[in-house]
Amino acid sequence: TYDQWQAYCQALVSQQQIEGRAFINGGYTQAQSGRTFDCVNPANSEIIAHIAECDEADVELAVKTARQSFESGVWRNQSPKVRKEALIKLAVLMEANQTELAALETLDMGKPISESFHVDVPGSADVIRWHGEAIDKIYDEVAPTQEDVLATITREPIGVVAAITPWNFPLWLACWKIGPALAAGNSVVLKPSEKSSLTAIYLARLASEAGIPDGVFNVVPGFGHTVGKALGLHMQVDCLAFTGSTRTARTLLEYAGQSNMKRVWLEAGGKNPNIVFADCPNLDKAARSAASGCFYNQGEVCVAGTRLLVERSIHDEFVQKVVEASRHFKPGDPLNPATNMGALVDKQHQGSVLQYIQWGQQGGATLALGGSAALDADKGAFVEPTIFTGADNQMRIAREEIFGPVMTVIPFNDEQQAIEIANDTDYGLGAALWTANLSRAHKLAKQLRAGSVWINNYNDGDMTVPFGGFKQSGNGRDKSLHALDKYTELKTTWIQL
Ligand code: NAD
């Protein structure tokens, strides 16, 4: 029952000593101030734990210990094989703790338990394993210079990496940073989102058990304007690895400029176009993909297809299909295994999403589905899947990232107009197009200004392919071997023969 689940999670939090704890230098510790803040279940507004409210003093300690572990070589000078084995062990431990991690994730941020259990936790373990497996299979280079010179190009870890992560896929996105950063030999300080810190804190103990040495992986929960800022400005942090909003991303660039010019890697927001042409090979499949591409994870997905661009000749027919497909997503108790749409991360975010829905209506768009809070709206942060038609690309609901279950449908007349609308955004994370015309698919894929383009599907992903954005969606790429570029410096060494 629900109460049993909640009791199980509360017991877990206290048994594992993550209640009110950060993880610094290989062990759990309180914030030095002794302060905590409430961790609230967004499905019912009940407090489920207290999170250590770290501040500048804790950052100081965590960065110092990370720096010491880096300089000592205890991790970075290990052979890649040793680092590989520790990371694979971590992945195995994550899988062994699948239920615990999934339950904490769902209670903390509201996503359905079926997804945290079957998708997020195994996906996160896979990221760690993949980077572990990769690291002893990468060779350095020799440059083709003169006969009497040997010039080698080698990769070295950068140093102390501060990972600052969001709340929508808390464990998974943290692993996108931690996996390659640790594999490459860096030491890491992770600051999870204040809205969902539990799985990161839990993960720290598993990393320690897996043999990652003390000081190499630290977790400092707390707020952006304190912990995040202190990491951003710290002279001993060599790299910021960030996923979050474009607004915060800008601030991190400023921190780097004001301090030590640390490397700043940014995975930021999106307002992604999903373009459906009249010659789409399968409108039913496209409609189901449009719905799941927008409403999966309550729409709290950076790469959600929130702008649905539909060729005018099929507009009404296709919108009808999308509305029907979207009814499949029914907000429900996140701990019920049958639920496919949970609660938004908190009441404040629910308020922001509902405000956008109001702006959409005031701006003249028409509600084709949803538009309200759902379920026990007083206590739970639920919002129905919502679809606007009659919109244009200048409306606020078409320009700003709502980060909730809201889709804006915009009609277009021809290829040129579709591309103009698709690219008329500050963002450039993902884009999709549906067409049976091969030459159109190739031509338009080149014209779309986005880091990922999907043709006749939405949001396929794999560890082997890089993920990241053009324009204000960020820089650098997570996943794949390209992710390692973020966490290594290239060194050339000239040897006169
Ligand atoms: P956010 O920017 O509010 O917070 C992200 C992290 O930054 C949190 O840990 C937060 O505490 C920290 N932070 C906030 N202000 C800070 C400051 N002044 N200094 C240092 N750190 C600070 O984002 P969010 O609301 O947690 O996440 C949602 C956003 O994340 C959306 O914009 C979404 O598109 C984006 N996102 C992007 C990707 C991607 O891969 N591109 C993936 C998921 C989410």
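Cut-offs and rules
Residues numbered from 1 in each chain as written. Predicted model: local features only at pLDDT ≥ 70, side-chain atom pairs only at ≥ 80, totals over all residues. UniProt positions renumbered as here; feature names shortened; annotations may be inferred. Helix = DSSP H or I, 4+ residues; strand = E, 2+ residues; numbered from the N terminus. Rg over C-alpha atoms; globule rule 2.2 N^0.38 Å. Buried ≥ 20, exposed ≤ 12 C-beta atoms within 10 Å, placed from the backbone. Contact = placed C-beta atoms within 7 Å. Core = buried A, V, L, I, M, F, W, Y, C linked by C-beta atoms within 7 Å. Near = placed C-beta within 6 Å. Nonpolar A, V, L, I, M, F, W, Y, C, P; charged D, E, K, R; others polar.

You'll find the chain entered in an unreviewed UniProt entry as Gamma-glutamyl-gamma-aminobutyraldehyde dehydrogenase, with Bowmanella pacifica given as the organism. Looking at the chain in UniProt, the text filed under Sequence similarities (unreviewed entry) is "Belongs to the aldehyde dehydrogenase family."

Enquirer: Residues and numbers for the overall build of the chain, please.
Expert: For the chain, the helix and strand inventory stands at 16 helices and 21 strands. Relative to the compact-globule value of 23 Å for 497 residues, the chain shows a C-alpha radius of gyration of 23 Å, a close match. If you line up the chain on its principal axes, its C-alpha atoms span 70 × 65 × 40 Å. For the chain, buried positions account for 54% of its 497 residues. Once local pairs closer than 6 in sequence are excluded, the contacts in the chain between residues at least 24 apart make up 71%.

Enquirer: Account for the nonpolar core, with residues named and values stated.
Expert: Burial of nonpolar side chains together is a common tendency in soluble globular proteins. Core analysis: the biggest nonpolar cluster contains 90 residues, and L90, V161, A163, V188, V189 and L240 have the highest contact counts within it. Element by element, the count of residues in this core is highest for helix α6 (residues 170-183), at 10 residues. Other than its neighbours up to four places away in sequence, V188 contacts A66, V161, A163, I178, A181, L182, V216, F217 and N218. Of all hydrophobic cores here, the second largest spans 65 residues; its members include A43, W167, C280 and V345.

Enquirer: Explain the site of the ligand to me, using residue names and the numbers behind them.
Expert: Near the ligand, the surroundings consist of 31 residues, among which P166, G224, G228, G244 and C302 are the closest. Listing elements by their share of the shell around the ligand, those giving two or more residues are α8 (224-233) and α9 (246-258). Looking at the shell around the ligand residue by residue, the class counts come to nine nonpolar, 17 polar and five charged.

Enquirer: Explain the UniProt feature "domain: Aldehyde dehydrogenase" (unreviewed entry) in the chain to me, and be specific about the residues and the numbers.
Expert: Feature annotation in UniProt assigns "domain: Aldehyde dehydrogenase" (unreviewed entry) to the following positions: residues 29-492. Overall, residues 29-492 shows 40% helix and 20% strand. The separation of its end C-alpha atoms is 41 Å.

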